[in-house]
Amino acid sequence: QVQLVESGGALVQAGGSLRLSCVASGSIFSFMNMGWYRQAPGKQRELVAGITSILSGGSTNYGDSVKGRFTISRDNAKNTVYLQMNSLKPEDTAVYYCNARRVTSAKTNDYWGQGTQVTVSS
């Protein structure tokens, strides 16, 4: 079982920056694909950014609405994934969730954090 704990959510003005952190328990962090998702009131949860495991080279991908503004990174020594968010907009307001996905030949397991609130005021 993997536990994820997010932090860093806050109230910020439009144009500002925040950095979210997600710390994972256990010893398999390096081998998991990590991602940040968000869910705004009345909307479906959407992918914000993802970063692959060490086995897959740590490649990244981003949702169209955040490309060029957000950056995902990971520190495998600290079992931590980060989301640097710049040029924040009111439409970025949502609960942000950390996701860890472990893929083996037999199955795929998804783990979720409890979420952290990001509110961007105009």
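Each value, and the rule that gives it
Residues numbered from 1 in each chain as written. Predicted model: local features only at pLDDT ≥ 70, side-chain atom pairs only at ≥ 80, totals over all residues. Heavy atoms only, no water. Phe/Tyr/Trp six-rings, centres within 6.5 Å; stacked < 30°, edge-to-face > 60°. Lys NZ or Arg CZ within 6 Å of the ring centre and 35° of its normal. Patch = residues over 30% accessible without salt bridge, like charges linked within 9 Å, V, L, I, M, F, W, Y side chains within 5 Å. Areas by Shrake-Rupley, 256 points an atom, 1.4 Å probe, with all protein chains shown as cover. Salt bridge = Lys/Arg side-chain N within 4 Å of Asp/Glu carboxyl O. Helix = DSSP H or I, 4+ residues; strand = E, 2+ residues; numbered from the N terminus. Pairing = 2+ DSSP bridges. Axes fitted to C-alpha atoms, helices over the stretch in contact; angles between N-to-C directions. Core = buried A, V, L, I, M, F, W, Y, C linked by side-chain atoms within 4.5 Å. Buried < 20%, exposed > 50% of the residue type's maximum accessible area, 1.4 Å probe, protein only. Contact = heavy atoms within 4.5 Å. Disulfide = S-S within 2.5 Å.

Caption draft 1: Seen up close, the packing of aromatic side chains. Overall, the coordinates contain 1 aromatic pair when judged by the stated rule. A cation sits over an aromatic face here: arginine 45 above tryptophan 112, 4.7 Å from the ring centre. One cation-aromatic arrangement involves arginine 74 over phenylalanine 29; the distance from NZ or CZ to the ring centre is 4.6 Å.

Caption draft 2: Region of the structure containing a nonpolar patch on the surface. Together, Phe31, Ile54 and Leu55 line one region of the surface with nonpolar side chains, adding up to about 340 Å² of accessible area. By the secondary structure assignment, isoleucine 54 is in the loop between β5 (46-51) and β6 (60-62).

Caption draft 3: Quick look at the sheet that holds strand β7 (residues 70-75). Taken in spatial order, the 4 strands of this open sheet run β1-β3-β8-β7, and their pairing is antiparallel. Where the open sheet ends on each side, the last strands, each with one partner, are β1 (4-7) and β7. Across the sheet, the axes of successive neighbouring strands diverge by a mean angle of 15°, strand direction being ignored. Relative to strand β8 (residues 80-85), strand β3 (residues 18-24) runs antiparallel, the two being bridged by 6 bridges. Residue pairing in the sheet places leucine 20 in a bridge with leucine 83 of β8.

Caption draft 4: Just the nonpolar core, in detail. Leu4, Met34, Trp36, Val81, Leu83, Met85 and Tyr96 are the most contacted members of the largest nonpolar core, which has 29 residues in total. Put simply, the parts of the chain that give this core at least two residues each are β3, β4 (33-39), β5, β7, β8, β9 (94-103) and β11 (116-121). Ignoring sequence-local partners within four residues, the contact set of valine 81 consists of Leu20, Ser21, Cys22, Phe29, Met34, Trp36, Ile51, Ile72, Ser73, Arg74 and Cys98.

Caption draft 5: Representation of the state of the cysteines within the structure. For the structure shown, the criterion picks out 1 disulfide. Each disulfide pairs two cysteine sulfurs, and for cysteine 22 the partner residue is cysteine 98, the sulfurs being separated by 2.1 Å. Looking along the S-S bond of the cysteine 22-cysteine 98 disulfide, the torsion reads about -80°, which is the left-handed sense. Residue cysteine 22 is found in strand β3, and its partner cysteine 98 is found in strand β9; the two are separated by 76 residues along the sequence. The class for cysteine 22 is buried, based on a relative accessible area of 0%.

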